[in-house]
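Listed below, chain by chain, are the residues.
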Amino acid sequence: MFDNAEEYCLKDMQKEDNVVRRISVQGKNSVIAALRDVQVQVPPAVRRGDTATLHCYYDMDGESLYSVKWYKGRREFYRYTPKESPPMKIFPAQGVQVKRSASNESQLTLLGLSLASSGKYSCEVSADAPSFHTMIVTGDLEVCEVPKHVPSIHGMRSRYRIGDIVRGNCTSHNSRPPANLTWHINDVQANPSYIRTHKPFRERKNDFETSLAGIHFVVGSHHFMNGKLKIRCTAKIHDIYSQSTERSIDEDRPRVISAASSANSNGNGVNGNAVPYDHFPPYAENELDRKDYMTHLQGDMASSGSAPSAHPILPSLSLSSVDHFRLTSINHLSWTFGPLTVLLLPLAHPLLCSLINRLSASLRA
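None of the values given here were measured: they were computed from a predicted structure. (Residues numbered from 1 in each chain as written. Predicted model: local features only at pLDDT ≥ 70, side-chain atom pairs only at ≥ 80, totals over all residues. Heavy atoms only, no water.)

Caption draft 1: Molecular detail of the environment of Gly227. Mapping Gly227 onto the fold places it in the loop between strand 19 (209-218) and strand 20 (228-237). Assessed through its relative accessible area of 15%, Gly227 is described here as buried. Taking the C-alpha atoms as reference points, Gly227 and Arg253, separated by 26 residues in sequence, lie 8.9 Å from one another. (Helix = DSSP H or I, 4+ residues; strand = E, 2+ residues; numbered from the N terminus. Buried < 20%, exposed > 50% of the residue type's maximum accessible area, 1.4 Å probe, protein only.)

Caption draft 2: Main features of the packing of aromatic side chains. As enumerated under the stated definition, the model contains three aromatic pairs in all. Ring centres of Phe77 and Tyr121 lie 6.0 Å apart, and the angle between their planes is 85°; on these two criteria the pair is classed as edge-to-face. Of this pair, Phe77 sits in strand 7 (residues 75-80) while Tyr121 sits in strand 10 (residues 119-127), and the two are 44 residues apart along the sequence. Pair check on accessibility: Phe77 and Tyr121 agree, each one buried. Measuring from centroid to centroid gives 5.2 Å for Tyr194 and Phe217, while their planes differ by 20°, and the two rings are stacked. One end of the pair, Tyr194, is in the loop between strand 16 (188-189) and strand 17 (195-197); the other, Phe217, is in strand 19, and 23 residues separate them in sequence. With relative accessibility at 22%, the residue Tyr194 sits in the partly exposed group. The exposure class of Phe217 is buried, given its relative accessible area of 2%. (Phe/Tyr/Trp six-rings, centres within 6.5 Å; stacked < 30°, edge-to-face > 60°.)

Caption draft 3: Here's a closer look at the state of the cysteines. Overall, the coordinates contain two disulfides when judged by the stated rule. Between the sulfur atoms of Cys170 and its disulfide partner Cys233 the distance amounts to 1.9 Å. On the sign convention where negative is left-handed, the bridge of Cys170 and Cys233, at about -85° about the S-S bond, is left-handed. Of the two residues, Cys170 sits in strand 14 (residues 165-175) while Cys233 sits in strand 20, which places them 63 residues apart along the sequence. Judged by relative accessible area, which is 0%, Cys170 ranks as buried. For Cys233, a relative accessible area of 0% corresponds to the buried category. Looking at the protein chain, its bonded cysteines, counted consecutively from the start of the sequence, adopt the pairing 1-2, 3-4. (Disulfide = S-S within 2.5 Å.)

Caption draft 4: The environment of Thr171, seen in detail. Mapping Thr171 onto the fold places it in strand 14. The sequence separation of Thr171 and Cys233 amounts to 62 residues, and the corresponding C-alpha distance is 8.9 Å. When sequence neighbours within four positions are dropped, the list of residues in contact with Thr171 reads Pro151, Ser152, His154, Thr210, Ser211 and Leu212. (Contact = heavy atoms within 4.5 Å.)

Caption draft 5: How the structure looks around the pattern of salt bridges. With the rule as written, the count across this model stands at 18 salt bridges. Of the charged contacts, one joins Asp252 and Arg161 as a salt bridge, the two residues approaching to 3.6 Å between their closest N and O atoms. Of this pair, Asp252 sits in the loop between strand 21 (241-251) and helix 1 (259-265) while Arg161 sits in the loop between strand 13 (159-160) and strand 14; the two residues are 91 residues apart in sequence, bridging distant segments of the chain. What makes Asp252 partly exposed here is its relative accessible area of 26%. Glu251 serves as the salt-bridge partner of Arg253, at 3.3 Å between the closest nitrogen and oxygen. Judged by relative accessible area, which is 54%, Arg253 ranks as exposed. (Salt bridge = Lys/Arg side-chain N within 4 Å of Asp/Glu carboxyl O.)

Caption draft 6: A look at the sheet that holds strand 3 (residues 36-41). Taken in spatial order, the three strands of this open sheet run 3-5-9, and their pairing is antiparallel. Lying at the two open borders of the sheet, with one neighbouring strand each, are strand 3 and strand 9 (107-110). On average, each strand axis in the sheet is tilted by 10° relative to the strand beside it, whichever way the strands run. Bridge count between strand 3 and strand 5 (residues 52-59): four bridges; the pairing is antiparallel. If you follow Gln41 over to strand 5, its bridge partner there is His55. (Pairing = 2+ DSSP bridges. Axes fitted to C-alpha atoms, helices over the stretch in contact; angles between N-to-C directions.)

Shown next, in the form of structure tokens:
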């Protein structure tokens, strides 16, 4: 207020003798006054109905204290003058209730704060004669009405597939000021591009406000951890209120049911522990000697009651490099096309044996 001034005269309208006191304020070229380092500590936010303690710190630097005054806005409501009796005086002000036993020349305690208690609070410190140096500092106090319930999440399903779009809203009801809403995905704050912020709307009956924030994003594989996706909405008001609501979403994976496993589940299969053919992996060429795949095939054919073939089974043949190529192709076809290939193999078996024998004979020639 007086940053660019060196000296001002302030007439104290509340003193009966109308003494004019000189106020020295530090400017660019001014002399440092004896009263210095005046600081005020006002809590920025408190809950409605709570108690707040305001502090006023100062350094008299050898001078005597004349008075400490507190203002709400421009209205004085508290004065402490150590040389007067009683030293403490309290004046009426809207939304202000002073606790005498917890107030003195350096602190002020306010009881039963209401929404009307919000505002600017100033501490004015004055030195005694002859200087009457005076300094005043100000702080803001906001009395808050916090929500009675945790924020709520609406519009989300319990299961999503990769590529689906997640849409949802988070709502925090009846507070003043409106709660600040934030979204987290797997404990990481959501990308701002995912968020849809809406203007709070005010209730007419009580002037409380409701906050609303939406989220909208495409689910990717990186969102699921062990098949779970966690989404959390947090409502916060300054540092006096913070509540969260969390949703756990399951990954909806497509179910692939093979024909062989379907037959086993219906009781048509004999070997319930057999690996379905369409799930059996293709073998590399150097793995054919293990005969795992064809042995598995032969065992299932025998257990299903198929008539034994007059020809030797394929793995028992003496195979050349061409034969290995043919069997590798058959294995890949069986793994790719599943039961269809398995059903056709008994019918094509004699023809395949004949072709392999002819190829072997031509190679030997």
